[in-house]
Amino acid sequence: MEHQAGWAAFRAGEAPAARAIFAPAHAASPSGETFEGLARTCYLEYEYSQAIELWERAYAAYRDGGDALGSVRVARTLGGMYGQLVGDLAVCAGWISRANSLAAGSPGSPQLGWVALTRGMFEGDRDAKNALFREALGAAATPGGDATAAGGPGGQPGRWTPL
């Protein structure tokens, strides 16, 4: 990962330090990862509208670059942002559906569990919600699955650093 120092700054809770790494990197060579790093920085600095805009650009960059894992991760994140912060459940459902469709192309991927978890967050039916949460836990318990891993930027191959 060429932006390991930025992800390390997030793990240390240092959003300004992460911005100091991702902003110049992004200015020099915009990528899905730099858009995503800046989006996370904005999110941690309570700049939610800007974060969402940057995550949308990250999604496009990952898709254009053929990074299916990045595309799934960001689509899932955007679903959560539109559902929790914007309150637009139609757009939320669209992003989650997109993440689900993309993740379905990667059988055995931990992303399947993360998408199930995100779907469960917005499911209204209690039994369906519980089934999705069980699906997420099942994905975490499979070989290569990990309840803390989502396979993305974070400084460790195949590991995601939680917000």
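Structure: see above.
Just so it is clear, the structure is predicted and the values come from calculations on it, not from any experiment. In this convention, every chain numbers its residues from 1, walking through the sequence in written order. pLDDT decides what is reported in this predicted model: residues at 70 or higher carry local features, side-chain atom pairs at 80 or more are listed and counted, and totals for whole chains, interfaces and linings draw on all residues regardless. Only hydrogens and water are set aside; all other atoms, that is, all heavy atoms of the structure, feed into the side-chain values.

**Thoughts on the overall build of the protein**
Secondary structure elements are taken from DSSP: a helix is a run of H or I of four residues or more, a strand is a run of E of two residues or more, and numbering for both begins at the N terminus. Scanning the protein for helices and strands turns up eight helices and zero strands. Along the protein, from the amino end to the carboxyl end, the secondary structure elements read α-α-α-α-α-α-α-α. Working definition: with a 1.4 Å probe on protein chains only, accessible area under 20% of the residue-type maximum means buried, over 50% means exposed, and in between means partly exposed. For the protein, buried positions account for 42% of its 163 residues. Within the protein, contacts between residues separated by at least 24 positions form 47% of all contacts whose residues are at least 6 apart in sequence. Total accessible area on the protein is roughly 7900 Å²; 55% of this is exposed by carbon and sulfur atoms. Residues are treated as being in contact if the distance between any of their heavy atoms lies within 4.5 Å. In these tables, accessible area is a Shrake-Rupley quantity obtained with a 1.4 Å probe, and a residue counts as shielded only by the protein chains included in the view.

**Overview of the environment of Leu112**
Examined against the element boundaries, Leu112 turns out to sit in helix H7 (residues 110-121). Leu112 gets classed as partly exposed once you look at its relative accessible area, which sits at 26%. Ignoring any residue separated from it by four or fewer positions in sequence, one finds Leu112 in contact with Ala103, Ala104, Ser106 and Pro107.

**So, the packing of aromatic side chains**
Under the pairing criterion, centres of Phe, Tyr and Trp rings, with the six-membered ring standing for Trp, must be within 6.5 Å; the plane angle then separates stacked pairs below 30 degrees from edge-to-face pairs above 60, leaving the rest tilted. The final tally for this structure, using the stated rule, is seven aromatic pairs. Residues Trp7 and Phe10 carry aromatic rings whose centres are separated by 5.5 Å and whose planes lie at 40° to one another, so their mutual orientation is tilted. Of this pair, Trp7 and Phe10 both sit in helix H1 (residues 4-11), three residues apart, roughly one helical turn. An identical accessibility class is assigned to Trp7 and Phe10; each is buried. When the centroid spacing of 4.9 Å and the interplanar angle of 65° are considered together, the rings of Trp7 and Phe22 count as edge-to-face.

**Quick look at the nonpolar core**
Only buried Ala, Val, Leu, Ile, Met, Phe, Trp, Tyr and Cys residues count toward a nonpolar core, and they belong to the same one when joined by side-chain atoms within 4.5 Å. Ranked by size, the top nonpolar core spans 29 residues in total, and within it Trp55, Tyr59, Val74 and Leu78 carry the most contacts. Broken down by secondary-structure element, the contributors of at least two residues to this core are H1, helix H2 (15-28), helix H3 (32-44), helix H4 (48-64), helix H5 (68-86) and helix H6 (89-104). Discounting chain neighbours no more than four positions away, the residues touching Val74 are Glu36, Trp55, Ala58, Tyr59 and Tyr62.

**Concerning the environment of Ala60**
Among the secondary structure elements, Ala60 is positioned in helix H4. The exposure class of Ala60 is partly exposed, given its relative accessible area of 35%. Ala60 sits 28 residues away from Gly32 along the chain, and the two C-alpha atoms are 7.6 Å apart.

**Some details on H7**
A helix is expected to reach a length of 1.5 Å times the quantity of its residues less one. If you check H7, its first and last C-alpha atoms are 17 Å apart, about what 12 residues at 1.5 Å a residue would give, namely 16 Å. Residues of H7 that are buried include every one of Gln111, Gly113, Val115, Ala116, Thr118 and Gly120, and no others. Contacts made by the buried residues of H7 are with H5, H6 and helix H8 (126-141).

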